[in-house]
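# Observations on chain architecture
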Amino acid sequence: MLALTDAQRQRIEENRARAREKLLQRQQQQGVSAGEGARPQEQSRISQEEPESLTKRKARELGLLAPRIKRASHATVEWVVVLDFEATCWASEAEKRGHTQEIIEFPAVLVSLARRAVVAEFHSYVRPTVDRDLSAFCRQLTGISQDTIDESPTLAVVLPRFVTWVEQQQRMHKFILGGPDATVLFATWTSWDLGVCLPTECRWRGLPTPPWLNTWADLKTLFHRHYQSADGEKKEVCGLAEALKRLGLQFEGREHSGIEDARNTAMLVCRMVSDRAPLRATTTLKAKRKEPPVAAEAAVYPVAKNPRVTAQSTPPFCYCLRRARLKTVTKPTPNIGRQFFSCVSGNCAFFVWCE
């Protein structure tokens, strides 16, 4: 701020004196003298606050005080959409090698924070298209049968249905999607669902995702931040069932069932709101680098599950429908010097050794 000149200081003092005189005249007109009806503390407050506001106003008129900028206020979250995907999985990393992880269950529940209850649900199983047969480990873990998967639609069908469901709920409940004024928050237990699983698969499948799914709340992070700071004791990071148990709640249903996990996560959200835990977005998905275009001949030559290739062969197509890249093992392992083909962008798990 610029320093005041002597003339400006004099004008400010004159304005203060006029303000005091006007204040005394107003009190006398209302039948209250400067020494009656008002306590000494109130008189000192009036004599200090009134001239101060006038001083600021005059300084602003003289260009000596910058105008106050009103900050945009963020809307209060009134609704939460909880998602919890299940994907193809294998018992070990060795079994997983050469396979691509795909979503097989797509659940979502809409929670009203005012009612502390689930008001709507979306649920669909999803048929994988690369590794269509579920492993025994996956069937046992998720409880999803092969027959259920075989009769289910693909992700290209399920994702638009989910978007339509969200838009229907938006029209029904009048909440705002996306942006700083959003009144609905998308949430998951850990950031794997919306940070890795869905965007990775949509990227190599070429499926568009709605922009409002690029920002979400990692409830696991919010849970540990709030309850560790409230208890004053740092506890080990736990899973969903253990988090419910810490709050005196019981996990209901089967663990690793997507819809049951989403319902239990919604129950945890309601409890966190009751305990005044802050619910806000924790993660925003950054824009990825531009991927190379899909080869036109990929539509003619399908992806082979276990192609037999050599280093001189034409590179096969990976699951992203792009030509794989020839690489050589350089680490000091039993396979050092051996060549293989893998995804050029690293978005899928395509891998095949050269014969």
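Residues numbered from 1 in each chain as written. Predicted model: local features only at pLDDT ≥ 70, side-chain atom pairs only at ≥ 80, totals over all residues. Heavy atoms only, no water.

## A look at unusual backbone geometry
Although it is not a glycine, histidine 256 adopts a positive phi angle of roughly 70 degrees. Within the secondary structure layout, histidine 256 lies in the loop between helix H9 (240-246) and helix H10 (258-274). Judged by its relative accessible area of 36%, histidine 256 falls in the partly exposed class. (Helix = DSSP H or I, 4+ residues; strand = E, 2+ residues; numbered from the N terminus. Buried < 20%, exposed > 50% of the residue type's maximum accessible area, 1.4 Å probe, protein only.)

## Brief notes about the sheet that holds strand E9 (residues 339-342)
Ordered in space as E8-E9-E10, the 3 strands form an open sheet in which the pairing is antiparallel. If you trace the sheet from one side to the other, it starts and ends with strand E8 (325-328) and strand E10 (351-353), each paired once. When strand polarity is set aside, the average angle formed by the axes of neighbouring strands in this sheet is 30 degrees. With 4 bridges connecting them, E8 and E9 associate as antiparallel partners. Bridge pairing in E9 links arginine 325 to serine 342. (Pairing = 2+ DSSP bridges. Axes fitted to C-alpha atoms, helices over the stretch in contact; angles between N-to-C directions.)

## Here's the deal with the nonpolar core
Of all hydrophobic cores here, the largest spans 31 residues; its most connected members are Leu83, Phe106, Phe162, Trp165 and Phe186. Elements supplying a minimum of two residues to this core: strand E1 (79-83), strand E3 (103-112), strand E4 (117-125), helix H6 (155-173), strand E5 (184-188) and helix H7 (192-205). Sorting elements by how many residues they give to this core places H6 first, with 7 residues. The residues contacting phenylalanine 106, other than those within four sequence positions of it, are Leu83, Phe85, Phe122, His123, Ser124, Val126, Leu155, Val158, Leu159, Phe162 and Leu198. Of all hydrophobic cores here, the second largest spans 29 residues; its members include Leu185, Tyr227, Ala266 and Val273. (Core = buried A, V, L, I, M, F, W, Y, C linked by side-chain atoms within 4.5 Å. Contact = heavy atoms within 4.5 Å.)

## Things to note about the state of the cysteines
Tallying each qualifying case throughout the model produces 0 disulfides. The cysteine cysteine 89 is free of any disulfide, with cysteine 138 supplying the nearest cysteine sulfur at 3.7 Å. On the accessibility criterion, cysteine 89 (13% relative accessible area) is buried. (Disulfide = S-S within 2.5 Å.)

## Some remarks on the side chain of serine 124
By secondary structure assignment, the location of serine 124 is in strand E4. Excluding residues that lie within four positions of it along the chain, serine 124 makes contacts with Glu105, Phe106, Pro153 and Val158.

## Concerning the pattern of salt bridges
If you walk through the whole model with that rule in mind, you get 8 salt bridges. The shortest N-O distance in the salt bridge between glutamate 13 and arginine 16 comes to 3.2 Å. In this pair, glutamate 13 and arginine 16 are both assigned in helix H1 (residues 6-29), 3 residues apart and thus about one turn of the helix distant. A relative accessible area of 28% means that arginine 16 is categorised as partly exposed. (Salt bridge = Lys/Arg side-chain N within 4 Å of Asp/Glu carboxyl O.)

## Topic: the side chain of glutamate 102
Relative to the assigned elements, glutamate 102 resides in the loop between helix H3 (93-96) and E3. Here glutamate 102 falls in the buried class, since its relative accessible area comes to 0%. Within the structure, glutamate 102 has its side chain in polar contact with the backbone nitrogen of aspartate 131 (distance 3.1 Å). Apart from the residues lying within four places of it in its own chain, the contact partners of glutamate 102 are Glu86, Ala87, Thr88, Pro128, Thr129, Val130, Asp131, Glu201, Trp204 and Arg205. (Polar contact = N/O pair within 3.5 Å; in protein donor to acceptor, adjacent residues only side chain to side chain.)

## Quick look at the confidence of the model for the chain
Low pLDDT marks regions whose predicted coordinates should not be analysed in detail. A residue-level look at the chain finds 75% of positions with pLDDT of 70 or above and a mean pLDDT of 80. Considering only residues more than four positions removed or in separate chains, one finds that residues 32-38, a stretch of pLDDT under 50, has 9 contacts. Segment residues 291-304: pLDDT under 50, and 22 contacts once partners within four positions in sequence are set aside and those in other chains are kept. (pLDDT = per-residue confidence, 0-100.)

## Considering the packing of aromatic side chains
Scanning the entire structure with this criterion turns up 12 aromatic pairs. Note on tryptophan 79 and phenylalanine 175: the rings are 6.2 Å apart at their centroids and 50 degrees apart in plane angle, and the pair reads as tilted. Residue tryptophan 79 is found in strand E1, and its partner phenylalanine 175 is found in the loop between H6 and E5; the two are separated by 96 residues along the sequence. Using a relative accessible area of 11% as the deciding quantity, one classes tryptophan 79 as buried. Ring centres of phenylalanine 340 and tryptophan 353 lie 5.7 Å apart, and the angle between their planes is 75 degrees; on these two criteria the pair is classed as edge-to-face. Of the two residues, phenylalanine 340 is situated in strand E9 and tryptophan 353 in strand E10; the sequence distance between them amounts to 13 residues. Since its relative accessible area comes to 13%, phenylalanine 340 is described here as buried. Ring pairs connect the aromatic residues Phe85, Phe106, Phe122, Phe162, Trp165, Phe186 and Trp212, which therefore count as one cluster. (Phe/Tyr/Trp six-rings, centres within 6.5 Å; stacked < 30°, edge-to-face > 60°.)

## What to know about the pairing of E1
Of all 5 residues in E1, 5 are buried, a share of seventy percent or more. Every second residue of E1 is oriented toward a common face, with Trp79, Val81 and Leu83 on one face and Val80 and Val82 on the other, all of them buried. Bridge count between E1 and E3: 5 bridges; the pairing is antiparallel. From the neighbouring strand, valine 81 faces E3, where its bridge partner is leucine 110. Alignment of E1 against E5, held across 4 bridges, turns out to be parallel. When the bridges of E5 are listed, valine 81 appears paired with phenylalanine 186.

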